[in-house]
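# Observations on chain architecture
Next come the chains, spelled out residue by residue.
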Amino acid sequence: MILEYFQMVDRIEALDLAAGTIKTICNVPSQSPVFVGHFPGFPRLPGALMIETMAQTGGWLVLAHLKFVRMPFLTRVESAKLRRFVEPGETLNGEAKLVHDGSGFAVIEAVISCGGQKVASAEIRYVVGPFPNETIRGAMLFKARDIGFPEDCLHGDPGNAE
Amino acid sequence: MASTFETVADIIADTCDIERDKITPESHAINDLGIDSLDFLDIAFAIDKAFGIKMPLEQWTQEVNDGKVSTEEYFVLGNLCKHIDQLREAKPA
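Residues numbered from 1 in each chain as written. Chains lettered and ligands numbered in written order. Predicted model: local features only at pLDDT ≥ 70, side-chain atom pairs only at ≥ 80, totals over all residues.

What follows deals with the overall build of chain B. For chain B, the count of helices and strands is five helices and zero strands. Traced from its N-terminal end to its C-terminal end, chain B shows the element sequence α-α-α-α-α. The globule rule puts the C-alpha radius of gyration for 93 residues at 12 Å, and the 13 Å found for chain B is close to it. Projected onto its principal axes, the C-alpha positions of chain B cover 35 × 30 × 20 Å. Looking at chain B as a whole, 24% of its 93 residues are labelled buried. Expressed as a percentage of contacts within chain B between residues at least 6 apart in sequence, the contacts between residues at least 24 apart total 60%. (Helix = DSSP H or I, 4+ residues; strand = E, 2+ residues; numbered from the N terminus. Rg over C-alpha atoms; globule rule 2.2 N^0.38 Å. Buried ≥ 20, exposed ≤ 12 C-beta atoms within 10 Å, placed from the backbone. Contact = placed C-beta atoms within 7 Å.)

Below, the structure written as structure tokens:
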């Protein structure tokens, strides 16, 4: 994770498009300017960034489903639960499942856990649309390769994923 | 068994906090009920789940934007339900 850049996912651990599932590894940094304010003398990962971690885990799954032809944008976080504090230096395991592939939108269920203990969960919805520009699409593809995305998930026909 | 309209109206009432009595087959989702695009996505998700279909919202939007059909074709609830029924009938058994 690079919290200041909103880069939450460090590695794709597993991706199964047939099952519509993804697993990610997200290493919470030992130090970050974020921890200076959240909180002074009691550094903890902000809950908003736990939700962002789930949203990005699911977002990579939707991107894979769409073969990077279109991009998901976060629109709704439903039933979010933040179950415990996350400390600097901890490793989070992200998991997401595509529960609905709609026309112009997608819905996933996500969980992050730490040491086998569930830390947070939510249902997350995205509107799906064209990449705003090629710069963003290129950056996403670069980042995808950097975090170990399977190459065959980066291209191809998104099928009926409108 | 609830009719398509009854199911859709219940979904809209629940999703958008609109009084159920105000929702009729003649209601226009946008002009009469004030449903915005984000709420409509939530409604679409609930309708897709309820009927096991995938409403082709993007195709419908494109048809409206291209001037091929009016918004009434898809946003007046009676018409929307007609399209939902067509999608249900076209669903593989």
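With antiparallel pairing, the six strands of this open sheet are ordered in space as β1-β2-β4-β5-β6-β3 (chain A). Both outer strands of the open sheet, β1 (11–16) and β3 (70–82) of chain A, are each paired with one neighbouring strand and no more. Here the strands of the sheet are splayed against their neighbours by 20 degrees on average, with no regard to which way each runs. The sheet contact formed by strand β5 (residues 105–114) of chain A and strand β6 (residues 117–130) of chain A spans ten bridges and is antiparallel. In the sheet register, A:F105 faces β6(A), and the bridge partner there is A:V127. Packing of helix α2 (residues 37–51) of chain B onto the sheet brings it into contact with β3, β4 (91–101), β5 and β6 of chain A, and relative to β5(A) it is tilted by some 85 degrees. (Pairing = 2+ DSSP bridges. Axes fitted to C-alpha atoms, helices over the stretch in contact; angles between N-to-C directions.)

Let us look at the pairing of β1(A). Residues and elements named next belong to chain A. In this structure, β1 lies alongside strand β2 (residues 21–27), joined through five bridges in antiparallel fashion. When the bridges of β2 are listed, R11 appears paired with I25. In this structure, the hairpin formed by β1 and β2 is closed by a connection of four residues, where G20 is found at a positive phi of approximately 70 degrees.

Another aspect to go through is the interface of chain A and chain B. Between chain A and chain B, the residue contacts involve nine residues of the former and ten residues of the latter. The residue inventory of the side of chain A that touches chain B, partitioned by class, reads three nonpolar, five polar and one charged. (Nonpolar A, V, L, I, M, F, W, Y, C, P; charged D, E, K, R; others polar.)

Everything listed here is a matter of geometry and, on its own, says nothing about what the molecule does.
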